[in-house]
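Spelled out from the first residue to the last, the chains are:
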Amino acid sequence: MRLPPLKPGKAAFCPRCRHPLARVEANPFMLPPALALASLIMLAVVFSGLYMQVTVLGQNVPLTLPEMMKVLILQESGFLAEVMFVLTFGAPLLFCLLCLYVYGGLLWGRPPPGVLRATRWLVRLRGWMMVDVFFISTLVAYIKLGKVAQVQFGAAFYLMFALSVLLIRTAISVPEHWVYYQIRRLNGDRDLLRPQGSSVFCGKCLFERPAGETECGICGSGLHKRRPNSLGWSLALLITALVLLLPANLMTIMVSSNPTVIERSTIFSGIRFMWRDGDHYIAMIIFSASIMVPWLKIIAMGVLLYAAKFGINMAPQKLSKLYLITESIGRWSMIDIFVIIMLMSTFRTHLARVVPGPAALYFCLVVLLTMLSAHFFDPRLMWDKAAQRRKQSG
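Conventions used here
- Residues numbered from 1 in each chain as written.
- Predicted model: local features only at pLDDT ≥ 70, side-chain atom pairs only at ≥ 80, totals over all residues.
- Heavy atoms only, no water.
- Phe/Tyr/Trp six-rings, centres within 6.5 Å; stacked < 30°, edge-to-face > 60°.
- Helix = DSSP H or I, 4+ residues; strand = E, 2+ residues; numbered from the N terminus.
- Buried < 20%, exposed > 50% of the residue type's maximum accessible area, 1.4 Å probe, protein only.
- Lys NZ or Arg CZ within 6 Å of the ring centre and 35° of its normal.
- 1 Å grid on protein atoms, 1.4 Å probe; cavity = no way out; pocket = protein on both sides within 12 Å on 5 of 7 lines; lining within 4 Å.
- Points joined across faces, edges and corners; volume = space filled by probe spheres on them.
- Nonpolar A, V, L, I, M, F, W, Y, C, P; charged D, E, K, R; others polar.
- UniProt positions renumbered as here; feature names shortened; annotations may be inferred.
- Pairing = 2+ DSSP bridges.
- Axes fitted to C-alpha atoms, helices over the stretch in contact; angles between N-to-C directions.
- Parallel < 35°, antiparallel > 145°, perpendicular 65-115°, else oblique.
- Left-handed = near helix turned anticlockwise from the far one by under 90°.
- Contact = heavy atoms within 4.5 Å.

Visitor: Pulling in residues and values, what's your account of the packing of aromatic side chains?
Guide: On inspection of all chains with the given rule, the structure shows 16 aromatic pairs. Residues F47 and F89 carry aromatic rings whose centres are separated by 4.6 Å and whose planes lie at 55° to one another, so their mutual orientation is tilted. Taken together, the residues span a long stretch of sequence, with F47 in helix α1 (residues 31-48) and F89 in helix α3 (residues 78-108) at a distance of 42 residues. Between the aromatic rings of F153 and F157, the centroid separation amounts to 3.9 Å while the plane-to-plane angle is 15°, which identifies the pairing as stacked. Taking relative accessible area as the criterion, F153 reaches 22% and is therefore assigned partly exposed. By the ring-pair criterion, three or more aromatic residues cluster together here, those being Y51, F134, F135, Y142, F153, F157, Y158, F161 and F338. The ring centre of W121 lies 5.2 Å from the NZ or CZ of R124, which sits over that ring. The ring of W332 carries the charged tip of R331 above its face, separated from the ring centre by 5.6 Å.

Here it is as structure tokens:
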């Protein structure tokens, strides 16, 4: 596979599975930094404004996003505070700043120091921004809160939707293949000639490089024909996630209390309670995100690992689609964790209190581990095994 030179407004797709490889915006130099700057401004407004105000038992509880993190820390749930901070603020902030740094150098006509490393981190962070997941989680929490409290959304809630759209659009507008080409062009490499003799394609920047290189001469990433120890790392992370999924489902994920009653809920008991209480849609959302998606993702990753190691009677095109779906849906399992965070922030007095159970930590780790398992998996190994099986059978 060789990528042709891409002009503004054009895109390249894999000829085997039709997955988009690279896409150049019609205004490739100005649009990404403009979107990143707008995202930064919106991020500052969202995190400094009132997110929602909850009136429960006659008390008004104003909530901002920093206040939610503070509550988590005070209730000795520092890990959840760190997860919320990284996924909803830290990763988007760093992504936008890196985008401005890299594209600022391109517009200036001189690559800034460490631009290759900055671009690599810029690309990596795209899948770890979960502002959109948090926004959907708020809607789920609103339906649960609406039965026992009065909820009024602040301006930050509505602006979070705009922030989600801006971040998604910014991530789409950054084609690493084109960015690395522009960096090399500014460094004087105007004609990136194809190497003579044996070659290998870099999985990060998609350029063809001499087979003898150990570090890609374009983007600076480690150069390998296939990701080293891909199956071992992916399998180890998947097994760890599977082990942790059992206590995540069986142990208490949330403890609700008032002066007379203490209620301990598992994921399944909470879903069953919502279903019996008439919240069928919310019960189905939580069931899908917290039970069905993690288990299906683990099963799917198991099938993909088996196919890459031993081969199965399934077309590699279908396996590639399964991998892309598996990689994209795992982040939505964080809905349940974000809902717990909002409930904890609202009910934090002796009259009504919500604290996370031990399963919250395990479940959060399951989501992160399955995402990492998919990240370390090299889907090209499935194509290698399919070609080997065809050669042996033919």
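Visitor: Explain empty space enclosed by the protein to me, and be specific about the residues and the numbers.
Guide: Using the criterion set out here, one finds 2 cavities of 30 Å³ or more in the structure. Within this model, the second largest cavity holds a volume of roughly 40 Å³. Of all the secondary structure elements, the ones that give two or more residues to the lining of the second largest cavity are α10 (280-309) and α13 (358-376). Residue classes in the lining of the second largest cavity are distributed as 4 nonpolar, 3 polar and 1 charged.

Visitor: Pulling in residues and values, what's your account of the UniProt feature "transmembrane region" (unreviewed entry) in the protein?
Guide: Per the UniProt record, "transmembrane region" (unreviewed entry) is found at residues 34-58, 79-103, 123-143, 155-172, 231-255, 281-308, 328-347 and 359-377. Between the C-alpha atoms that bound residues 34-58 there is a distance of 45 Å. The span itself is 60% helix and 20% strand. As a span, residues 155-172 carries 100% helix and 0% strand, and end to end its C-alpha atoms are 26 Å apart.

Visitor: Any chance you could break down the sheet that holds strand β4 (residues 59-63) for me, citing the residues and the numbers?
Guide: Pairing is antiparallel across the open sheet formed by 3 strands, whose spatial order is β4-β3-β5. Single-partner strands in this sheet number two, and they are β4 and β5 (150-153). Mean inter-strand twist for the sheet, computed between neighbouring axes without regard to direction, equals 15°. Pairing analysis gives 4 bridges linking strand β3 (residues 52-56) to β5, with the strands arranged antiparallel. Its bridge partner lying in β5, T55 is registered against Q150.

Visitor: Before we move on, could you go through the packing of α1 against α3 and cite the residues and values that matter?
Guide: The relative placement of two packed helices is expressed as an angle between their axes plus a distance between the axes. At a minimum axis separation of 9 Å, α1 and α3 run at an interaxial angle of 150°. As far as their axial angle goes, α3 and α1 are roughly antiparallel. Seen from above, α1 lies across α3 with left-handed handedness. On α3, the residues that touch P32, P33, A36, L37, S39, L40, L43 and F47 of α1 are T88, F89, P92, L93, C96, L97, C99, L100, Y103 and L107. Partitioned by chemical class, the residues of the contact of α1 with α3 number 16 nonpolar, 2 polar and no charged.

Visitor: Go over the sheet that holds strand β8 (residues 254-257), please, and point to the residues and values.
Guide: With antiparallel pairing, 3 strands are arranged side by side in an open sheet as β9-β8-β10. Both outer strands of the open sheet, β9 (262-265) and β10 (353-356), are each paired with one neighbouring strand and no more. Strand-to-strand twist of the sheet, defined as the mean angle between neighbouring strand axes without regard to direction, takes the value 15°. Direction of pairing for β8 relative to β9: antiparallel, over a ladder of 4 bridges. Bridge pairing in β9 links M254 to S265. Relative to β10, helix α12 (residues 335-346) is tilted by about 145°, and along the sheet it contacts β8 and β10.

Visitor: With reference to specific residues and values, describe the packing of helix α11 (residues 316-329) against helix α14 (residues 380-393).
Guide: Between α11 and α14, whose axes approach to 10 Å, the crossing angle comes to 165°. Between α11 and α14, the interaxial angle falls into the category roughly antiparallel. For the pair α11 and α14, the crossing hand works out as right-handed. Across from P316, Q317, L319 and S320 in α11, the residues of α14 making contact are M382, W383 and A386. A class-by-class count of the residues in the contact of α11 with α14 yields 5 nonpolar, 2 polar and no charged.

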